[in-house]
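Coordinates in review
One letter stands for each residue in the lines below.
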Amino acid sequence: MSGEIVAVVKKECPTCTLVEPVLRQIAETRGLVVWTQDDPAFPSGLPDVRHDDDLERSYRLNVITVPTLFRLEGGREVARAEGWHRGEWQELAGLERLGDGLPDSRPGCGALNVGPGMVERLALRFGDVALKARTIEVSEWDDPIEIAYDRGWSDGLPVVPPTDLRIARMLAGTTRKPHEVVGLIPPNLNECTVEKAAINAVMAGCRPEYFPVVLSAIEAALLPAFSMHGLLCTLNSAGPLVIVNGPVAKRIGMNWQGNALGQGNRANATIGRALQLVIRNVGGGRPQEIDRSVMGNPGKYTFCFAEDETDPEWTPLSVARGHAPGVSTVTLFHAEGPSGFSDQKSRTPEELTRSLAMGLWRVTHPKAPVGISGGAVLVLSPDHYSIYQAAGWGREKIEDALFEAMLRPASEVARGVGGAPTGADPALGDTPIGKLPRENFLLVRAGGRGGLNSSIIGGWTGQRNPKEVTVVSKEIGE
Amino acid sequence: MIRNEPYMMRDPTAETMAASRERIPPPADLSAATIGLLSISKERSHEFLDRVEQKLAERGLKVLRFAKPTHTKPAPEKVLQDIVERCDVVVEGLAD
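Description of the structure in this document. (Residues numbered from 1 in each chain as written. Chains lettered and ligands numbered in written order. Predicted model: local features only at pLDDT ≥ 70, side-chain atom pairs only at ≥ 80, totals over all residues.)

1. Details of the overall build of chain A
- When you go through chain A residue by residue, the secondary structure sums to 16 helices and 21 strands.
- Relative to its length of 478 residues, chain A is extended, with a C-alpha radius of gyration of 30 Å against a globular reference of 23 Å.
- Judged by the C-alpha coordinates and their principal axes, chain A covers about 100 × 55 × 35 Å.
- The buried share of chain A, reckoned over its 478 residues, is 46%.
- Once local pairs closer than 6 in sequence are excluded, the contacts in chain A between residues at least 24 apart make up 74%. (Helix = DSSP H or I, 4+ residues; strand = E, 2+ residues; numbered from the N terminus. Rg over C-alpha atoms; globule rule 2.2 N^0.38 Å. Buried ≥ 20, exposed ≤ 12 C-beta atoms within 10 Å, placed from the backbone. Contact = placed C-beta atoms within 7 Å.)

Written as structure tokens, this is what we have:
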């Protein structure tokens, strides 16, 4: 049989030491090159043992397991056998009676070149990941975190320094190519490549497996219906909120339970932050510059959580918005800060609905009706949801009942009523008037057990006209 | 102080250093100028610009009106181009 036979081994692997006599047998019969990953003296007694100390050979051969036996023709792989398997080795080497006395097969061990973090390290060293962003050198006297502050890259909190290795690892979280353009980021409409998104995701503290969620959140923010430019430069306090649905939330360890809207979960904290850092650094959107927000809100550092989908009876937000069940999505909402809603007394769905409707009326201004008011996200806690669940109320019924309960005679909230000039047109008299634009209302389940506390997140006043500004959803890619 | 190894980071920005540009000096005399009034289409910005137009017209100045379709999005290229082609100065009306 033609071709060169090559084995890759490491001494630390018991299967490699087991097959040491087989390697000798092949070397004596038809010639063998052995690349050893760890001990240059292993295996012993062979004519051609080479030490792959920088793991380049293993990387080039894409070794996953040791031992791996290759047959190469003209330097190209034509066959490989992983671990020890007598039949496969005999066929590959074109020899018989290999390893008499050994078991028929034995699985191999993980190769050093695919150890944690090694793939990206080797890809960078051997030139398969070529980053295009310009390099910023930090001198030996400087602290990279301080340099990031000095250069204006930070939202005020420390950022993780974006080194090549960290960026390469982030890029490994997606199948998309580094130089692919994700979109034009407002306000300056600068091109954001996957690589630039990865740099900002590194700085935000993301793990690579969060990166597809970050990319989808950026793409969703750029949908014209969302109007990210307007949200950035508004005088209002809103910023983008990312709500995650589907299996990805569990896979990457997001929090939809206790303190879902608060601190303490890495995925929740860093995905929202990555989106904001992209807008800041790539788009050039900075407070007191193009970001004209009078007040801002703490959610502009980061605002992201997942929906509680643990109740199979509940229709997830993504499904209600037209996505298939089991598909992971991001939904973006123009969010002010969350505001607690406590109701310890309601026991029936009707009582709770009326009570929540009162709570929702405080969005934007307590007398701002539909047409003036922004939308809202109602984050329904498990204990409040239990009241609906016990009565067999699902998403649609709750939403319809809330919109019915929010209707009130326009005269109650007319301009001048209560001495406050904001309000509905007095000419409407007692005509029923609603509160929220339905397109910009989201009902989401999240939160921990043990308290009858939900949360209301007010929407940007720009949402008052849903023809111009609406909530958007997008499926998460890979 | 402990010296670090030299350290390389990658730039997270769009790498578009703002080229510093000189402002065009304001015209010495508006009598021959065409003045564009751009409404951002926020509530009452028309009202504000109506008043500006009235004041300018009283002084015998030539005024053209423009509007963005919505204040929530940037002005379309066509509107900007129109202003550049037809006006010498522009007043952008915000209002609230």
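2. Thoughts on the overall build of chain B
- The helix and strand tally for chain B stands at 2 helices and 4 strands.
- Along the chain direction, N to C, the helices and strands of chain B fall in the order β-β-α-β-α-β.
- When the 96 residues of chain B are sorted by exposure, 16% land in the buried category.
- Counted over contacts in chain B with a minimum sequence separation of 6, partners at least 24 positions apart contribute 75%.

3. With respect to the nonpolar core
All names here are of chain A.
- By size, the foremost hydrophobic cluster in this structure holds 91 residues, and its most contacted members are Val 214, Ala 217, Ile 218, Val 242 and Leu 332.
- Not counting residues up to four positions away in its chain, the partners in contact with Ile 218 are Val 182, Gly 183, Cys 192, Ala 197, Leu 275 and Val 278.
- Core analysis: the second largest hydrophobic core is formed by 27 residues, Ile 5, Val 8, Val 9 and Leu 69 among them. (Core = buried A, V, L, I, M, F, W, Y, C linked by C-beta atoms within 7 Å.)

4. A look at helix 2 (residues 20-30) of chain A
Residues and elements named next belong to chain A.
- Those residues of helix 2 that sit buried are Val 22, Leu 23, Ile 26 and Ala 27. Each buried residue of helix 2 lies within a common arc of 140 degrees when the element is viewed along its axis, so the set occupies one face.
- Against strand 1 (4-9), strand 2 (33-36) and helix 4 (86-93) lie the buried residues of helix 2. (Arc of directions from axis to C-beta.)

5. Notes on the interface of chain B and chain A
- Taken together, the contact between chain B and chain A spans 18 residues of the former and 33 residues of the latter.
- A breakdown of the residues in the side of chain B that touches chain A according to their chemical character gives 7 nonpolar, 5 polar and 6 charged.
- Examined bridge by bridge, strand 10 (residues 135-138) of chain A and strand 1 (residues 7-10) of chain B share 4 bridges and lie antiparallel to one another. Residue pairing in the sheet places A:Glu137 in a bridge with B:Met8 of strand 1 of chain B. (Nonpolar A, V, L, I, M, F, W, Y, C, P; charged D, E, K, R; others polar. Pairing = 2+ DSSP bridges.)

6. Topic: the packing of helix 8 (residues 194-204) of chain A against helix 12 (residues 266-281) of chain A
All names here are of chain A.
- Between helix 8 and helix 12, the shortest axis-to-axis distance is 8 Å and the interhelical angle comes to 130 degrees. Between helix 8 and helix 12, the interaxial angle falls into the category oblique. Helix 12 is crossed by helix 8, and the crossing has right-handed handedness. In this structure, helix 8 uses Ala 197, Asn 200, Ala 201, Met 203 and Ala 204 to contact helix 12, whose residues at the interface are Thr 270, Arg 273, Ala 274, Leu 277, Val 278 and Asn 281.
- When its residues are assigned to classes, the contact of helix 8 with helix 12 shows 7 nonpolar, 3 polar and 1 charged. (Axes fitted to C-alpha atoms, helices over the stretch in contact; angles between N-to-C directions. Parallel < 35°, antiparallel > 145°, perpendicular 65-115°, else oblique. Left-handed = near helix turned anticlockwise from the far one by under 90°.)

7. Observations regarding the sheet that holds strand 2 (residues 34-39) of chain B
All names here are of chain B.
- The strand order across the open sheet built from 3 strands is 3-2-4, with neighbouring strands paired in parallel fashion. Two strands lie at the open edges of the sheet, namely strand 3 (62-67) and strand 4 (89-93), each paired on one side alone. The mean inter-strand angle of the sheet, taken between neighbouring strand axes irrespective of direction, is 25 degrees.
- Looking at chain direction, strand 2 and strand 3 are connected through 6 bridges and run parallel. Within strand 3, the residue paired with Gly 36 across the bridge is Leu 64.
- Along the sheet face, helix 1 (residues 45-58) touches strand 2, strand 3 and strand 4 and points at about 165 degrees away from the line of strand 2.

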